[in-house]
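Survey of secondary and tertiary structure
Here is what each chain is made of, one letter per residue.
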Amino acid sequence: MLIVMDKDASPAQIAQVVAKITSLGFLAQPIPGGSRTAIGILRNPGPVDPALFLDMPGVTQAIAVSKPYKLVSREMKREDTIIRLPGLEIGKGRFVVMAGPCAVESELQALTIARAVKAAGAQLFRGGAYKPRTSPYSYQGMGKNGLKILAKVREETGLLIVTEAVDHDSLKLVAEYADIVQIGARSMQNFTLLRRAGHIGKPVLLKRGMYATLEEWLMSAEYIMSEGNPQVLLCERGIRGIGDHARNLLDLASIPAVRRESHLPIVVDPSHAAGRRDLVVPLARAAVAAGADGLLIEVHHDPEKALSDGAQSLYPQQFADLMADLQTLRPGGWC
Ligand code: PEP
Ligand code: MN
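Residues numbered from 1 in each chain as written. Chains lettered and ligands numbered in written order. Predicted model: local features only at pLDDT ≥ 70, side-chain atom pairs only at ≥ 80, totals over all residues. Heavy atoms only, no water.

1. Remarks on the layout of surface pockets
If you add up the space inside the largest pocket, you get close to 420 Å³. Along the wall of the largest pocket there are 20 residues; nearest its centre are Ile31, Pro32, Lys77, Thr81 and Pro230. When the residues that make up the lining of the largest pocket are grouped by side-chain class, the tally is seven nonpolar, eight polar and five charged. For the lining of the largest pocket, the two domains that each supply at least three residues are domain 1 (2-63) and domain 2 (83-326). Here the second largest pocket is characterised by a volume of approximately 360 Å³. Lining the second largest pocket are 18 residues, and of these Leu42, Arg43, Pro68, Lys70 and Glu222 lie nearest its centre. Of all the elements in the fold, those that place two or more residues in the lining of the second largest pocket are strand 3 (37-42) and helix 7 (214-226). (1 Å grid on protein atoms, 1.4 Å probe; cavity = no way out; pocket = protein on both sides within 12 Å on 5 of 7 lines; lining within 4 Å. Points joined across faces, edges and corners; volume = space filled by probe spheres on them. Nonpolar A, V, L, I, M, F, W, Y, C, P; charged D, E, K, R; others polar. Domains from an automatic or database assignment. Helix = DSSP H or I, 4+ residues; strand = E, 2+ residues; numbered from the N terminus.)

Structure follows, in structure tokens:
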């Protein structure tokens with residue numbers, strides 16, 4: 001349930017509602033909005049009687065939230081969430097591009113690619129230091145040394161960093177180094193990891209699992225938010241489809257569907273959807289046209305020698321051409 005306060009409600013009236021919710025044994029989550037404060041009721045095992053709140057001073061409405069996800073839902077918060085990073089905001093019409101290699105392989109590799117994507121207009125550098133690979137024999141990433149390289153990339157280029165955490169240990173370290181912590185498709189339902197990501201004090205980019213419905217994906221975001229981290233960014237990266245013409249099936253419909261269901265920003269990763277370089281650019285264009293808040297794109301200066309996902313990595317010039325091309329789809333420009 002969502003208790004909506006009058007726009008002139010005093011802090012004392014808000015506190016009274018919070019105290020009432022707490023006294024009933026539930027969790028109160030105030031959600032400040034542009035014109036009103038709302039207070040979400042969480043952890044209630046069954047329906048809550050609206051009459052308990054409607055006669056309290058300052059309360060205007062008690063709305064039953066029909067979705068299983070609460071904090072994530074637009075019923076709870078009408079305004080789009082903006083992810084705030086140093087010098088950069090994502091969401092609500094601001095568009096962001098995150099680009100870089102699948103994996104950090106060396107300082108020279110990371111810096112070479114970072115300089116190229118920065119010159120083309122990217123705002124964030126992506127690169128995995130911890131890689132969740134399908135095969136245990138595939139390259140698993142540089143670990144902490146990779147994170148140190150990412151810190152150097154930020155220092156030298158000013159690009160903010162998005163990088164993946166795969167387990168509890170890496171989450172702690174990644175949260176120290178990254179500006180946005182990525183939780184990958186394979187970890188989307190690692191519920192203990194999601195809960196911990198609720199406590200890191202950094203924005204989380206939550207990728208959609210390859211078999212996840214929209215509801216399952218949003219419930220995973222709810223895990224993070226319910227632990228107190230409101231800075232969640234969703235990333236559509238394709239789900240398992242039929243056929244082998246692409247690695248995954250990019251679900252473009254999820255962009256408007258997420259926007260309808262949730263206030264969280266949604267970015268699109270056409271690289272992992274495509275699995276092959278020649279499909280990345282058309283999918284990126286389609287994602288922007290469908291209203292994505294940003295793109296996450298793999299780029300490598302020498303993809304034939306890349307230690308992971310070379311086949312889908314754009315050459316720097318292809319990325320620069322795409323960035324120029326996207327301006328025509330977003331005449332308002334970038335954030
Ligand atoms: C990645 O971003 O490099 C990655 C492994 O992505 P996903 O979790 O979407 O497969
Ligand atoms: Mn990859």
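2. Describing the packing of aromatic side chains
Inspection of the entire model under this criterion finds one aromatic pair. Here Phe191 and Tyr223 contribute two aromatic rings whose centre-to-centre distance is 4.6 Å and whose plane-to-plane angle is 25°, an arrangement assigned as stacked. One end of the pair, Phe191, is in helix 6 (residues 191-197); the other, Tyr223, is in helix 7, and 32 residues separate them in sequence. Cation over ring: Lys20 sits above Phe53, and NZ or CZ is 5.9 Å from the ring centre. (Phe/Tyr/Trp six-rings, centres within 6.5 Å; stacked < 30°, edge-to-face > 60°. Lys NZ or Arg CZ within 6 Å of the ring centre and 35° of its normal.)

3. A closer look at the packing of helix 4 (residues 144-157) against helix 5 (residues 168-177)
Between helix 4 and helix 5, whose axes approach to 10 Å, the crossing angle comes to 15°. Compared by their axis directions, helix 4 and helix 5 come out roughly parallel. At the point where helix 4 passes helix 5, the crossing takes the right-handed sense. Contacts between helix 4 and helix 5 pair Lys144, Leu147, Lys148, Ala151 and Arg154 from the former with Leu173, Val174 and Tyr177 from the latter. Here the contact of helix 4 with helix 5 is built from residues that sort into five nonpolar, no polar and three charged. (Axes fitted to C-alpha atoms, helices over the stretch in contact; angles between N-to-C directions. Parallel < 35°, antiparallel > 145°, perpendicular 65-115°, else oblique. Left-handed = near helix turned anticlockwise from the far one by under 90°. Contact = heavy atoms within 4.5 Å.)

4. Description of empty space enclosed by the protein
Enumeration over the complete set of coordinates arrives at three cavities of 30 Å³ or more. Space inside the largest cavity adds up to approximately 40 Å³. Every residue along the wall of the largest cavity is listed here: Ile31, Pro32, Gly33, Arg36, Ala38, Met76, Lys77, Arg78 and Glu79. When grouped by side-chain class, the residues that make up the lining of the largest cavity number four nonpolar, one polar and four charged.

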